[in-house]
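Now for the letters of each chain:
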Amino acid sequence: TQVFQGRSFLKEVDFTRAELEYLIDFSAHVKDLKKRGVQHKFLEGKNIALLFEKTSTRTRAAFTTAAIDLGAHPEYLGKNDIQLGKKESVEDTAKVLGRMFDGIEFRGFDQAVVEGLAEHSGVPVWNGLTDEWHPTQMIADFLTIKENFGKLEGLTLVYCGDGRNNMANSLLVTGSMLGVNIHIFSPKELFPEQSVVAMAEEYAKENGSHILITEDKEAAVKGADILYTDVWVSMGEEDKFEERVNMLQPYQVNMDLVKAANNEDLIILHCLPAFHDTETVYGKDIQEKFGVSEMEITDEAFRSKYARQFDQAENRMHSIKAIMALTAGNLFVNKV
Ligand code: CP
Ligand code: NVA
């Protein structure tokens with residue numbers, strides 16, 4: 001039996017705790033190979049399709065460079081390049097791509113689309129972010145955490161801001177699967193959906209960790225090892241901009257919050273992109289419209305000695321490489 005071969009990664013719960021840990025450790029392994037200049041062409045001669053309905057810097061770049069390092073050919077198919085969602089169904093698109101490609105990445109809105117691609121293509125499909133989950137991000141994030149603390153179990157991660165988005169969902173479920181305590185620090189209106197909380201609670205109980213969903217800053221940061229934040233306005237909800245800017249100010253990651261956490265070993269993570277200054281077009285717009293130049297994280301916190309977001313971004317490539325190699329490559333893992 002093969003543990004990983006032929007499998008899709010559509011959401012974190014597709015894998016067991018031991019399998020997620022294997023993915024994290026294998027990411028560290030391929031990172032080491034890359035750093036030492038050792039070839040690792042586990043996907044030699046394969047073709048990988050990269051479908052993007054939403055924009056991306058890290059995920060696209062990581063899948064592209066990872067595929068090439070693995071000896072595969074990556075093909076980018078943007079939403080204006082192919083018929084999917086306009087002239088052709090998910091099922092037909094999946095059947096066609098599955099005949100030509102050995103693996104398919106999909107980033108988009110609807111989780112049902114990535115599930116449909118997996119159901120009908122016959123090849124491994126990897127979720128590069130949907131409205132619900134961001135599983136490949138999780139392997140990079142927990143790799144980054146493990147690199148910093150040498151372990152995962154027993155740590156406390158505090159996620160600040162929009163508690164209802166894909167990142168909050170993924171961190172809640174993945175953290176509790178891995179024995180990491182997850183605190184969600186957000187306003188009541190943006191508390192995670194009950195179904196996600198229930199799932200996380202179940203895993204936490206199994207793995208000896210706890211979850212906490214709170215508006216209370218002191219309770220939220222108590223015992224924090226990791227402060228994590230994400231954009232206040234996710235892709236596809238641009239109309240909620242004003243509401244979020246007004247609602248989420250108290251949940252910003254800034255040096256006051258760092259101080260409140262009172263842990264010199266603390267690290268700050270952010271999946272990126274981040275809105276911490278006015279250098280970008282987006283930043284300029286925000287300043288003009290709302291008079292604020294920083295949103296979910298201050299520039300000071302973003303550039304502080306605690307920040308690890310660029311290690312985290314690099315780890316997207318190593319972890320995506322591990323995921324593709326194990327599920328679509330010539331690697332044989334019989335047991336985890
Ligand atoms: N973190 C992340 O998924 O970044 P991109 O949206 O740039 O891919
Ligand atoms: N919640 C963000 C994550 C970006 C990586 C979004 O969906 O836009």
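These numbers were taken from a predicted model, which means no experiment stands behind them. (Residues numbered from 1 in each chain as written. Chains lettered and ligands numbered in written order. Predicted model: local features only at pLDDT ≥ 70, side-chain atom pairs only at ≥ 80, totals over all residues.)

Participant: Would you explain the domain arrangement of the protein in this entry?
Facilitator: Where the parts come together, the accessible area they lose is often given as the size of the interface. Annotation of the protein at the domain level lists domain 1 (12-133 + 315-328) and domain 2 (156-224 + 226-262 + 267-305). When each unit is reduced to the centre of its C-alpha atoms, the spacing between domain 1 and domain 2 is 26 Å. Listed per partner, the contact involves 13 residues of domain 1 and twelve residues of domain 2. Taken together, the residues of the side of domain 1 that touches domain 2 sort by class into five nonpolar, two polar and six charged. (Domains from an automatic or database assignment. Contact = placed C-beta atoms within 7 Å. Nonpolar A, V, L, I, M, F, W, Y, C, P; charged D, E, K, R; others polar.)

Participant: So what exactly am I meant to see when it comes to the site of ligand 2 here?
Facilitator: The environment of ligand 2 is formed by L129, N165, N166, M167, D230, V231, S234, M235 and C271. Considering only residue class, the shell around ligand 2 consists of five nonpolar, three polar and one charged. (Near = placed C-beta within 6 Å.)

Participant: Help me understand the pairing of strand β6 (residues 181-185) in this model?
Facilitator: Along a regular strand, successive side chains alternate from one face of the sheet to the other. Burial within β6 is extensive, with five of its five residues counted as buried. Side-chain alternation along β6 places N181, H183 and F185 on one buried face and I182 and I184 on a second face that is also buried. In this structure, strand β5 (residues 156-160) lies alongside β6, joined through five bridges in parallel fashion. When the sheet's bridge partners are listed, T156 is paired in β6 with N181. (Buried ≥ 20, exposed ≤ 12 C-beta atoms within 10 Å, placed from the backbone. Helix = DSSP H or I, 4+ residues; strand = E, 2+ residues; numbered from the N terminus. Pairing = 2+ DSSP bridges.)

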